Amino acid sequence: MIPASSASFFLILICVAANGEVIRDIGSRPTIIETDKLPMLADGKTPDVTAMPSVGNGHIATSIYSDTVYMDGVYNGRLSKSHRARIPAEINLRTTFRNEDTRQVYRQYRLDMGHGYWEENATVEECRVTLRVYAHQFYTRLLVTEIFAERQGTATGNLMIYLNVNRGENSKDINFKTPQSFNGGNWKSEGTTITAEMSRGHTSRVHIFWSTIPPTIHIPSHKDSIRYTYIMAIDTNEERAKESYVSGSWVADKNPMHFFDLHCEAWNKKWSEGGIQLSGDIYLEKLAYTAFYYLLSSLPALDTHRRLDDYGGMSSSGLAHGSERDSGRGHISWDQERWIFPAILPFYPRLARSLLNYRINTMPAARVQAIEKGYHGLLYSWKSAATGIDVTPPFEAKNHLHLIGDISFAMRQYTSVDRDRSWLRENGGCEMIKELASFWYSKLNWNNKTQHYDIQGVATVDGSKGSVNNCVYTNAVASLALHYSKYAACLCNVDVNMYAPQGQLHAAQNIHWEYNDSVDYNPLYEGFTGGSHSVKQSGAVLLGYPLMFNLSRSTIEQNLQLYAEELPLSTSSTVWSMLAINWLALGNKSEANKAFETSYKSYVSQPYKMWMEYPNTGGSNYHSAMGTFIQTLLYGYGGLRIHLEYLYMNPQLPANIHSMIFRNIDYLGSSFDIKVTPALVHVSVDTIGIAPLRLTIAESNKSLHLTRGASILFDRAPFTINTDALTECPLPEDNIVPYSTSYTPSAHISVNSSSAFLLLPNAIIYFILLLYTCARTSQSQWVLL
C-alpha cells in the first residue's frame, strides 16, 4: 500500500479554467486529487480533455472524457507523418439527470493515483451516481467504465439516469469494419491502420470488443442501488482481445467488487516496488506522486492476466497522447534514455529493462540505417515509432548521434543495478552493446594535425546549432560507449579481442576533447562562441551529471555559471533540473534550490499536475519533465550515483522538507529503504539478493554487511553500497570519476547482527529517536546506546 501522508490538513491548489472559474485541488492526501469543477472549453459545458488527467496500464491509455484510446505500439502514417493511431473510445460516457439544467446537481471529481482510477460523483436530491473510469491493471487489454447509483434520503419510485456516450467520429487512422453483434448484444470490430510507416511496410490490425451501453439506466422502485460495468477490450490479436473481454466480463458480472479489487491490488503491487515519499511540503509530496503515477500509467503492468507483448517504448508525452496534432506524436527519442529511464531504474529495474528491450527489438532498422549511411553497428533514429525507422519531422535535426551513446549509457546503468547476465546474453543486450561501440568506431575520423579522433557533422543535444564538429557531449558518450564494450565483453563471457578490439579502446582514449583552459570551461562544440541566449540545453552541463565525467570542480562550476547565462528566458523544465542536480553535487544548495523551484513552478498546470515542456504553454502531458523532477529528488538531493560496481549517495533535503524516503531501492536483487532527515540517514533492508552487500561510510571508512531486516542509523554523510562479488571484470579505463570524500560531518556507527546501534552526541536527536523507536514494530528491533 502507499504510505499515508504525514500531513493532516487539506491542500488547496488553485487553477483558473478557460472560462475564468477557479479550480481547487482539495485532496488531503498525496495520492488523491479532488475538485468540484473541471477545466472547460469556452462553451462552459465541454471538458477540456487536453487539461484532463489520464488513466493507463502500458498497453492502453486515455485522457479522461476523451473520445480517443491509444494502444502501445500502434501507429499510422508514413515516415514523419507517423503518429499514434486513434481508436474510438466506445465506452466514454457522462451521466446526466432529468431536467438537469433547471435543478441543483453537485458534482465532485477525484483522481485516485494510488489505485489508478478516475471517479465522478454526481448528487441530486433523490440519488447519488458514481462514474468510475480506469484502464485495468490486471486485465490489461480492458478499459473500464463503472456506474454505481444509490437512492438518497426518502426518494421512492423508479429513478432514471441518462448515459451520454461520446465515441467521437470514426477513426481516420484505422479503417474499422462495421461493428457486429457479439455474445448476446455486445459488439466487436476489427480494423487495419491505413498507412504503414514505410513503403511496402506492414500495417497494424486492431481488434476491439465492447459492451452495449443503453441510453438510460434505472434504479427500480424495489432496489436501493444498482451497479453496471461496461468494458472495452483492445489488442492486435483477436484471440487475446476476445478472451480478455469474456474473462473480464464474467468476473465483473459475477463479482464486480472483486473485478475492481483485482485492478487495485495490481496497482498496490506496482506502488510497492518503489518510489519517493516526502514529508513537510505536501505540494511537493503530491507532485512526486503524480510524476510517478503518470509515468507508471504509461509503463507495462507488473501483475497481469496475460503476458503483454514487447513494450513499444516511452514517448515524451506518454501513452495517452500522440495524435497527429501533438508535437511529439507518440515518438520515442532520447527523452526515454536520458530523462525517463534514470528516474525509474533504481525502483523498477524490470520496467527500465522494458525500455531497453524496445531498442533491442528495433535493432534491425538501426542496422539497416547504419549501412545506408556507410557505418558499422547500429544507427538509431532520433525519432522512431513502431519499427525503429527514422520518423523525425523535417523541422528537427536528424543527426542527434548522441542518442547512440545515451542508449549505451542506459545499458551501462542497467547492468550496474541489476547484473542480469542471462538477459544480456539471451535477449540481445550483449549484441547491442557491441554494435553501439562498432558504430562509434566507424564514425571516428583521425585528425593528423591534432593527433585525435574527430566526430564530425552532428547535432548538439538541443539541436539549435545545425551540424557541428566535436560536440563535447557527443564525444563524451561515444568515449564511454567504446570503453564500456570491453567491460561488457567480460559480462557476456565472450572473447574481448573479438568483442572490443584494441583499436576501439585506443580510439576511446584519444577522442577530441573540447576544453578552454583560459576560461576553464567546456565549449559545446569546436568553434563555439556562445551569446544571444541561444543554448536551450547545454551538453557541457550534462558532463557532470548524468555522465559523471572526471572534470575539476572549477570546470563544472564554470560550465554551470556560463551556460545558465546562455539560457533563453523560456527553456525546457529539464534544463533547470539538470542545473539543480549539478549545483547540489558542488554543494551550492542556494543555487540548486532556485533551479529546482524554477523547474516546476511555471511548468505544472493545476489541478491535475500536468507538466509542460515550456512554461505556461499547455499541451500534452510532458513525461520527460516528470522524469527529471524525480531525478532531482533522487540524484540531486539524494545524491545517488550509479557506478559499475557500487552505489554512492550523499543525501540532503530540499527546502521545507523534513524527511525523504527512497522506498525499495533495488540493487543486485536486494531491496532497501533509505530515509534521510536533517541529521540522520536510516537504511532499512527488506531483502538481500544472491550477492552480499556492504555499506561503507565514506569519510570514516567504517563498514558493515547488510542483512535482511537490518535497520541502520548514522549521521548524515556520504556512503557507498557494494559487493565483493563483482570484482571479476576489470573496470573500464574511462573518464568517469569515482566518488569524492569531501568534508562531511563525521559518522558514528556500530553493528550487532541485523540491527545497528546509534551513537550520537546530540541529546535532543537521541530523545526524538527514542520516541520514534517506540512506534516501531517487533519486526525490526532497535538498541540505542
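The structure presented is a predicted model; accordingly, all values stated were derived computationally and were not measured.

Comment: phi is negative for the bulk of residues other than glycine, and the bulk of peptide bonds are trans. The linkage connecting Tyr545 with the following residue, Pro546, adopts the cis geometry, with an omega of 15 degrees. Assignment of secondary structure puts Pro546 in the loop between helix 12 (502-508) and helix 13 (553-566). Residue Pro607 is bonded to the preceding Gln606 through a cis peptide linkage, with omega at 5 degrees. In this fold, Pro607 is placed in the loop between strand 25 (604-605) and strand 26 (610-611). Phi at Asp520 is positive, roughly 60 degrees, even though this residue is not glycine. Structurally, the position occupied by Asp520 is in the loop between helix 12 and helix 13. For Asn664, which is not glycine, the phi dihedral falls at a positive 55 degrees. Tracing the backbone through its elements, the reader meets Asn664 in strand 29 (residues 659-667).

The subject of this paragraph is the side chain of Arg94. Along the chain, Arg94 turns up in strand 10 (residues 93-96). A polar atom in the side chain of Arg94 sits 3.1 Å from the side chain of Glu120.

In regular strands, side chains alternate between the two faces of the sheet. The side-chain alternation of strand 20 (residues 216-219) yields one buried face, formed by Ile217 and Ile219, and one unburied face, formed by Thr216 and His218. Pairing analysis gives 4 bridges linking strand 15 (residues 159-165) to strand 20, with the strands arranged antiparallel. Bridge assignment links Met160 to a residue of strand 20, and that residue is His218.

With antiparallel pairing, the 3 strands of this open sheet are ordered in space as 10-15-20. The open sheet has two free edges, formed respectively by strand 10 and strand 20, since each of these has just one partner strand. With direction set aside, neighbouring strand axes in the sheet form an average angle of 25 degrees. Pairing between strand 10 and strand 15: 4 bridges, direction antiparallel. Each residue of the ladder has a partner; that of Thr96, found in strand 15, is Tyr162.

The next point concerns the side chain of Glu34. On the secondary structure map, Glu34 appears in strand 3 (residues 32-35). Comment: no salt bridge for buried Glu34; closest opposite-charge side chain is Arg110, at 4.6 Å. Here the side chain of Glu34 touches Gln108 through a polar contact of 3.0 Å, side chain to side chain. Among all residues touching Glu34, those that are not within four sequence positions of it are Arg24, Asp25, Ile26, Gly27, Gln108, Tyr109 and Arg110.

Quick look at the packing of helix 2 (residues 256-272) against helix 3 (residues 282-297) now. Here helix 2 crosses helix 3 at 115 degrees, and the two axes come no closer than 12 Å. Read as a crossing pair, helix 2 and helix 3 show a hand that is right-handed. When helix 2 is examined against helix 3, the residues Trp267, Lys270 and Trp271 are found in contact with a partner set consisting of Tyr289, Phe292, Tyr293, Leu296 and Ser297.

Core analysis: the largest hydrophobic core is formed by 206 residues, its most contacted members being Trp118, Ile276, Trp611, Phe629, Phe662, Phe672 and Ile674. Residue contributions to this core peak at 13 residues, all from helix 10 (residues 472-491). Those residues within four positions of Phe629 in sequence are excluded, and the remaining contacts are Leu284, Leu287, Ala288, Ala291, Ser577, Phe596, Tyr600 and Trp611.

A word on the sheet that holds strand 5 (residues 60-63). The antiparallel open sheet is built from 4 strands, whose spatial order is 4-5-6-9. Each edge of the sheet is formed by a strand with only one pairing partner; in this case those strands are strand 4 (54-56) and strand 9 (87-88). Sheet analysis places strand 5 next to strand 6 (residues 68-71), joined by 2 bridges and oriented antiparallel. Within strand 6, the position partnered with Ile60 by the bridge is Met71.

Let us look at the packing of helix 15 (residues 589-601) against helix 16 (residues 623-637). Here helix 15 crosses helix 16 at 165 degrees, and the two axes come no closer than 11 Å. Classified by the angle between their axes, helix 15 and helix 16 sit roughly antiparallel to one another. For the pair helix 15 and helix 16, the crossing hand works out as left-handed. Across from Lys589, Ala592, Asn593, Phe596 and Tyr600 in helix 15, the residues of helix 16 making contact are Phe629, Thr632, Leu633 and Tyr637. Classifying every residue of the contact of helix 15 with helix 16 gives 6 nonpolar, 2 polar and 1 charged.

Conventions adopted
Residues numbered from 1 in each chain as written. Predicted model: local features only at pLDDT ≥ 70, side-chain atom pairs only at ≥ 80, totals over all residues. Heavy atoms only, no water. Helix = DSSP H or I, 4+ residues; strand = E, 2+ residues; numbered from the N terminus. Polar contact = N/O pair within 3.5 Å; in protein donor to acceptor, adjacent residues only side chain to side chain. Buried < 20%, exposed > 50% of the residue type's maximum accessible area, 1.4 Å probe, protein only. Pairing = 2+ DSSP bridges. Axes fitted to C-alpha atoms, helices over the stretch in contact; angles between N-to-C directions. Lys, Arg positive; Asp, Glu negative; His and termini not counted. Salt bridge = Lys/Arg side-chain N within 4 Å of Asp/Glu carboxyl O. Contact = heavy atoms within 4.5 Å. Left-handed = near helix turned anticlockwise from the far one by under 90°. Core = buried A, V, L, I, M, F, W, Y, C linked by side-chain atoms within 4.5 Å. Parallel < 35°, antiparallel > 145°, perpendicular 65-115°, else oblique. Nonpolar A, V, L, I, M, F, W, Y, C, P; charged D, E, K, R; others polar.

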